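# An overview of the molecular structure
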Amino acid sequence: MVIVFFQVFTISSFGQLTQAQLDSIVNKYVLNLHSTGIDTVCIYNEYCTGCLFTPTSTANLCTDNFSSLPTYIFWKRNGKTFITKKDICFDYSTIAISNNSFWQYYFTNKNKIKKEELKTPKYTEIVNGKKETRSLDIDNSIYFKITIDAGNESVTKNINSFYFTEHLGASEEINLNYGFNMATSLANLHFQIQDLIKHESVKNKFKRTLR
C-alpha cells in the first residue's frame, strides 16, 4: 500500500519568478558557461513539487526578503572550482571555493551513481495479528536534482529527501530502506554537496542582487 499526502501552501506572490522561469535562467547561464569552453558543470537544484504557491495579495515577496529554494551552479575552470546560485528573486555573486572534493568523488563513483535509484520508504506493522509491510511516500517533500555535465556526457539524478527518513508511521517504525538509501554513492554525493553549500566559508560570501 502506498500512502500519499498532498499539501498546498498559500502565500503572497508578486514579482518573483515561477520555478519554470528560474530553470530557464539557470539553463541559459549554464549554456553561456559551455560557450566559453567550460565543460565541467554541476547544477544542484532544490525544489518542492508538492507545494502550490497561490497568490493572495499584491505584496512583493522579493522586497520582503522572502526565502525561496535555490539552485546552485558549480563549474571548473583552469583547475579551480567556482559556485554561484540563483533563486526566484535574486542572482548571487560568483565565488571560488577550495573544497572541490565532490568532483573527485563523483568521477570515482560515476558508474555506480548513474545506476543507483533510492528505494521508497517501507515499514512493517501488525494488522489483525499479522505483520504487513507498507510503503509510505509524500508529495510535499523537498526534492533535489543533481545534473553533472562533463565533456559530452550529462548525468541527472533526482532525490526525494523523505527517502532519508529513518522512522515512519504513527508508531515511528524503522524505515526498512533507510540503510540502503543512506549507503548509496548518490546519497554520499548529495550530502557532500549539502555540507559544502552550508559551510560558513561558502554561504556567508554570497552577495545577492534583486533581479
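Along every chain, residues carry numbers that run from 1 in the direction the sequence is written. Local features in this predicted model are restricted to residues of pLDDT 70 or higher, and side-chain atom pairs are both shown and tallied only at a pLDDT of 80 or more, whereas totals for entire chains, interfaces and linings draw on every residue. Water and hydrogen atoms play no part in the side-chain values, which are based on all heavy atoms of the structure.

### A closer look at the overall build of the protein chain
As a reminder, the rule being used: Helix numbers and strand numbers start at the N terminus; a helix is a DSSP run of H or I with at least 4 residues, a strand a run of E with at least 2. By definition in these notes, contact holds between two residues if any of their heavy atoms fall within 4.5 Å. With residues, only the protein chains shown are counted as cover, and all accessible areas are computed by Shrake-Rupley using a 1.4 Å probe.
Within the protein chain one finds 5 helices and 15 strands. When contacts within the protein chain are restricted to residue pairs at least 6 apart in sequence, those whose partners lie at least 24 apart make up 69%. Accessible area for the protein chain stands at about 11,600 Å²; split by element, carbon and sulfur atoms hold 50% of it.

### Brief notes about the side chain of Asn 181
Condition: Three labels apply to residues, based on accessible area from a 1.4 Å probe with only protein chains included: buried if under 20% of the type maximum, exposed if over 50%, partly exposed otherwise in between.
Note on placement: Asn 181 falls in helix α3 (residues 178–183). The exposure class of Asn 181 is buried, given its relative accessible area of 0%. Once residues lying within four places of it in the same chain are set aside, the contact partners of Asn 181 are Leu 118, Lys 119, Tyr 163, Phe 164 and Ala 187.

### Quick notes on the pattern of salt bridges
We apply this condition: By definition, a salt bridge exists where a carboxyl oxygen of Asp or Glu is found within 4 Å of a side-chain nitrogen of Lys or Arg.
Here the structure, examined in full by the defined rule, presents 8 salt bridges. The salt bridge partner of Glu 153 is Lys 114, with a shortest N-O separation of 2.9 Å. Placement of Glu 153 in strand β12 (residues 153–160) and of Lys 114 in helix α2 (residues 101–115) is noted, with a sequence separation of 39 residues between them. Look at Glu 153 and you get partly exposed, because its relative accessible area is 28%. Of the charged contacts, one joins Lys 157 and Glu 117 as a salt bridge, the two residues approaching to 3.2 Å between their closest N and O atoms. Of this pair, Lys 157 sits in strand β12 while Glu 117 sits in the loop between α2 and β9 (122–127), and the two are 40 residues apart along the sequence. Among the charged side chains, a network of salt bridges with common partners joins Lys 86, Asp 91 and Arg 211.

### Some details on the environment of Thr 36
This is how the line gets drawn: Pairing of N or O atoms within 3.5 Å defines a polar contact, subject to two protein rules: one partner must be a possible hydrogen donor and the other a possible acceptor, and residues neighboring in sequence count only if both atoms are side-chain atoms.
For Thr 36, the location among the structural elements is in the loop between α1 (19–35) and β3 (40–47). Within the structure, the side chain of Thr 36 is placed 2.6 Å from the backbone oxygen of Leu 33, a separation counted as a polar contact.

### A few points about the nonpolar core
Across soluble globular proteins, you tend to see nonpolar side chains buried next to one another. Our working definition: Residue types Ala, Val, Leu, Ile, Met, Phe, Trp, Tyr and Cys, when buried and joined through side-chain atoms within 4.5 Å, form a set referred to as a nonpolar core.
Membership of the largest hydrophobic core comes to 48 residues, with the highest contact counts inside it found for Phe 74, Ile 83, Ile 146, Leu 189 and Ile 193. Here this core gets 6 residues from one element, more than from any other, and that element is helix α4 (residues 185–198). Excluding its chain neighbours within four sequence positions, the residues that come into contact with Ile 83 are Tyr 72, Ile 73, Phe 74, Trp 75, Ser 93, Thr 94, Ile 95, Ile 97, Ile 197, Val 202 and Phe 206.

### Looking at the confidence of the model for the protein chain
This is how the line gets drawn: In predicted models, pLDDT denotes the confidence assigned by the predictor to each residue on a 0 to 100 scale.
Overall, the predicted model of the protein chain reaches an average pLDDT of 86, with 84% of residues at or above 70. By mean pLDDT, strand β2 (residues 9–10) is the weakest element of the protein chain at 36, and α3 is the strongest at 98. Between residues 52–56, whose pLDDT stays under 50, and residues either more than four places distant or in other chains, the model counts 16 contacts.

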